[in-house]
Amino acid sequence: MSGPLLDVAAVGKRFGGFVALSDITLAVPRGERLGLIGPNGSGKSTLVNCICGTLRNDAGSVTFNGHRLDGLPAHRRTRLGLARSFQLPRPFHTMTLAENVQVPILYAARSRGHRGPGSGLRDGAEALLDMVGLGGKAHQRPADLTQIEMRKLELAKAMASDPQMLIADEVMAGLSHREVDEILAMLLKLNESGITFIMIEHIMRAVLAFSQRLVVLVAGRKIADGPPHEVIRDDDVVAAYLGR
Ligand code: ADP
Ligand code: MG
């Protein structure tokens, strides 16, 4: 299909009298790696929530792969190929890692009207855990995982719906330099396999290494959009980050 994979047009969101997002317009072409940055509270997660259907935008429209998303619940958006990983991982603690990944595989199969992947379920979960380097831990539980392994489990779960776009909301926070590189390599490989990305990240080194384009939100408004190394030198962007 021609046109951008994701098209956000004049989206606005209020919480009571507080304007969290104002007139956000953003098109993401298929295959792009887009970085989304901004100070804390600038509306990044709210925008992701409006795109993914966790929140309803109260102005503008969101179109994904040619489908108007406005009014669709989150699971219908997942079915259309939109996935996100949450800032705070929420695994099922009583289940093994394999079972944790089988849940979203089943869910995606059901929501696409299939009776379920049947015997392919185990293989599917195994492949996803292998992909994130957790293949050897399929029978362990989330409590046994380190922080980076928890992030990898989140990525495997997000990939379980076979998405076209993955929105990664601060998946690297708290990780070491080497661990950040490991996750970056994983995301780049997924991008090479065709996944379009929006990466929200405070670790500037990671954002600059990953992003082909950078969008900056400040106080719910888009103040910059362009090549990363130009955007971070933009006067408005520098002022927003330095609080001037
Ligand atoms: P970011 O992800 O950029 O740090 P958020 O999108 O989480 O910022 O938040 C943007 C602003 O909207 C913040 O001021 C936050 O307090 C406010 N906000 C976010 N979610 C809600 C909500 N459900 N109810 C009220 N205010 C909210
Ligand atoms: Mg956030």
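As annotated in an unreviewed UniProt entry, the protein carries the name ABC transporter ATP-binding protein and comes from Rhodopila globiformis.

A water-sized probe, rolled over the atoms, reveals where empty space remains. Quantified by volume, the largest pocket comes out at close to 670 Å³. Forming the walls of the largest pocket are 21 residues, and the residues nearest its centre are Thr-78, Arg-84, Phe-86, Pro-104 and Lys-157. Along the lines of polarity and charge, the residues of the lining of the largest pocket split into 11 nonpolar, five polar and five charged.

This part covers the packing of aromatic side chains. According to the stated counting rule, one finds one aromatic pair in the structure shown. Consider the rings of Phe-197 and Phe-210, whose centres lie 5.3 Å apart with planes at 85°: the pair is edge-to-face. In this pair, Phe-197 sits in strand 8 (residues 196-200) while Phe-210 sits in helix 7 (residues 204-210), placing the two residues 13 residues apart along the sequence. Both residues of the pair, Phe-197 and Phe-210, belong to the buried class. Note that Lys-157 overlies the ring of Phe-92, its terminal NZ or CZ placed 5.3 Å from the centroid.

Below, the discussion takes up the pairing of strand 7 (residues 165-169). Counted residue by residue, strand 7 has five buried out of five residues, so it is predominantly covered. One ladder, built from four bridges, connects strand 6 (residues 82-85) with strand 7; its direction is parallel. When the sheet's bridge partners are listed, Leu-82 is paired in strand 7 with Met-165. In terms of strand pairing, strand 7 meets strand 8 through five bridges, oriented parallel. Counterpart to Met-165 in the pairing with strand 8 is Thr-196. Note on the crossover from strand 7 through helix 6 (residues 177-192) to strand 8: the handedness is right-handed.

The rules behind each value
- Residues numbered from 1 in each chain as written.
- Chains lettered and ligands numbered in written order.
- Predicted model: local features only at pLDDT ≥ 70, side-chain atom pairs only at ≥ 80, totals over all residues.
- Heavy atoms only, no water.
- 1 Å grid on protein atoms, 1.4 Å probe; cavity = no way out; pocket = protein on both sides within 12 Å on 5 of 7 lines; lining within 4 Å.
- Points joined across faces, edges and corners; volume = space filled by probe spheres on them.
- Nonpolar A, V, L, I, M, F, W, Y, C, P; charged D, E, K, R; others polar.
- Phe/Tyr/Trp six-rings, centres within 6.5 Å; stacked < 30°, edge-to-face > 60°.
- Helix = DSSP H or I, 4+ residues; strand = E, 2+ residues; numbered from the N terminus.
- Buried < 20%, exposed > 50% of the residue type's maximum accessible area, 1.4 Å probe, protein only.
- Lys NZ or Arg CZ within 6 Å of the ring centre and 35° of its normal.
- Pairing = 2+ DSSP bridges.
- Right-handed = clockwise from strand over helix to strand, strands pointing away.

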